[in-house]
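A structural walkthrough
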Amino acid sequence: MISASDFRNGVTFEMDGKVMQVVEFQHVKPGKGAAFVRTKMKNVITGGVTETSFNPTAKFEQAFVERKDMDYSYSDGDLYYFMDPESFDMIPIGKDLLGDSFKFVKENMTCKVMSYKGTVFGVEPPNFVELEVTETDPGFAGNTATNNVLKPATLETGAEIKVPLFVNPGDRIKIDTRTGEYLERCKA
């Protein structure tokens, strides 16, 4: 059990059958009346953010969210299979649990599979990935990294992003999967 007075950023707890994570908290002691804890929390399964005030003595069941490194193996229709590198067990995960940033993941990449009480609720790809550009307009001599002009490019995973003009098909580039932005061209 955890009380509201023990809340810290990142703490996960169960409330009304939902798993919540503390995003922001503030202990408030007004001049009149009882103290309370103003809390901004996120539902870790749906991603919804809410703000609530709690009595500091309110008790909640602590929730332990498991984050396990697993290798993405292959997809079969709407199921994506991940392998546990320790036990070699294959776990199928539905497409609806993957999120937008999964479009940057290719086979054999290691992702964090998040679960609560054995139920998988999300997959977190690596923050940065290196992928090959498969399709884009050819670059032009004289276009440097300081130009802020971008063009569309298709990556080996099928994802489309905007890249600088000097990037050519066949180039390997580094991408931030959280924002979907081009970061740099990788050395050969």
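Every value quoted in this text rests on a predicted model; they were computed, and no experiment measured them.

Definitions and cut-offs
- Residues numbered from 1 in each chain as written.
- Predicted model: local features only at pLDDT ≥ 70, side-chain atom pairs only at ≥ 80, totals over all residues.
- Heavy atoms only, no water.
- Helix = DSSP H or I, 4+ residues; strand = E, 2+ residues; numbered from the N terminus.
- Rg over C-alpha atoms; globule rule 2.2 N^0.38 Å.
- Buried < 20%, exposed > 50% of the residue type's maximum accessible area, 1.4 Å probe, protein only.
- Contact = heavy atoms within 4.5 Å.
- Areas by Shrake-Rupley, 256 points an atom, 1.4 Å probe, with all protein chains shown as cover.
- Lys, Arg positive; Asp, Glu negative; His and termini not counted.
- Charge placed at Lys NZ, Arg CZ, Asp CG, Glu CD.
- Salt bridge = Lys/Arg side-chain N within 4 Å of Asp/Glu carboxyl O.
- Core = buried A, V, L, I, M, F, W, Y, C linked by side-chain atoms within 4.5 Å.
- Phe/Tyr/Trp six-rings, centres within 6.5 Å; stacked < 30°, edge-to-face > 60°.
- Lys NZ or Arg CZ within 6 Å of the ring centre and 35° of its normal.

Attention shifts here to the overall build of the protein chain. Helix and strand content of the protein chain: 0 helices and 16 strands. For 188 residues, the compact-globule formula gives about 16 Å, and the C-alpha radius of gyration of the protein chain, at 22 Å, lies well above that figure. With respect to the principal axes defined by its C-alpha atoms, the protein chain has extents near 70 × 45 × 25 Å. Burial statistics for the protein chain: of 188 residues in total, 36% are counted as buried. Long-range pairs, those at least 24 residues apart, make up 41% of the contacts in the protein chain with a sequence separation of at least 6. For the protein chain, the accessible surface area stands at approximately 11,300 Å², while carbon and sulfur atoms represent 48% of it. Put simply, the protein chain has 22 plus and 28 minus side-chain charges, and the middle of one group is 9 Å from the middle of the other.

So, about the pattern of salt bridges. Tallying each qualifying case throughout the model produces 8 salt bridges. For Glu14, the salt bridge is made with Lys117, and the minimal N-O distance between the two is 3.6 Å. Here the residue Glu14 occupies a position in strand E2 (residues 12-15), and Lys117 occupies one in the loop between strand E10 (110-116) and strand E11 (119-124), the gap between them amounting to 103 residues. By relative accessible area, which is 22% here, Glu14 ends up partly exposed.

Here we take up the nonpolar core. Core analysis: the largest hydrophobic core is formed by 26 residues, its most contacted members being Phe82, Phe102, Leu155 and Ile173. When contributions to this core are tallied by element, the ones reaching two or more residues are strand E7 (65-76), strand E8 (79-83), E10, strand E12 (128-136), strand E13 (150-155), strand E14 (160-164) and strand E15 (172-176). Element by element, the count of residues in this core is highest for E12, at 3 residues. Counting residues in hydrophobic clusters, the runner-up holds 12 residues, among them Ile2, Ala4, Phe13 and Met41.

The next thing to look at is the packing of aromatic side chains. Tallied over the entire structure, the rule returns 12 aromatic pairs. Geometrically, the ring pair formed by Tyr72 and Phe82 is tilted, given 5.5 Å between the ring centres and 50 degrees between the ring planes. Placement of Tyr72 in strand E7 and of Phe82 in strand E8 is noted, with a sequence separation of 10 residues between them. Grouping residues by exposure puts Tyr72 and Phe82 together as buried. Ring plane angle 15 degrees and centroid distance 4.7 Å describe the contact between Tyr74 and Tyr81, whose orientation is recorded as stacked. The exposure class assigned to Tyr81 is buried, which follows from its relative accessible area of 17%. Through a chain of ring-to-ring contacts, the aromatic side chains of Phe7, Phe13, Phe54 and Phe60 assemble into a single cluster. Taking the ring centre of Phe128 as reference, the NZ or CZ of Lys174 above it sits at 5.3 Å.

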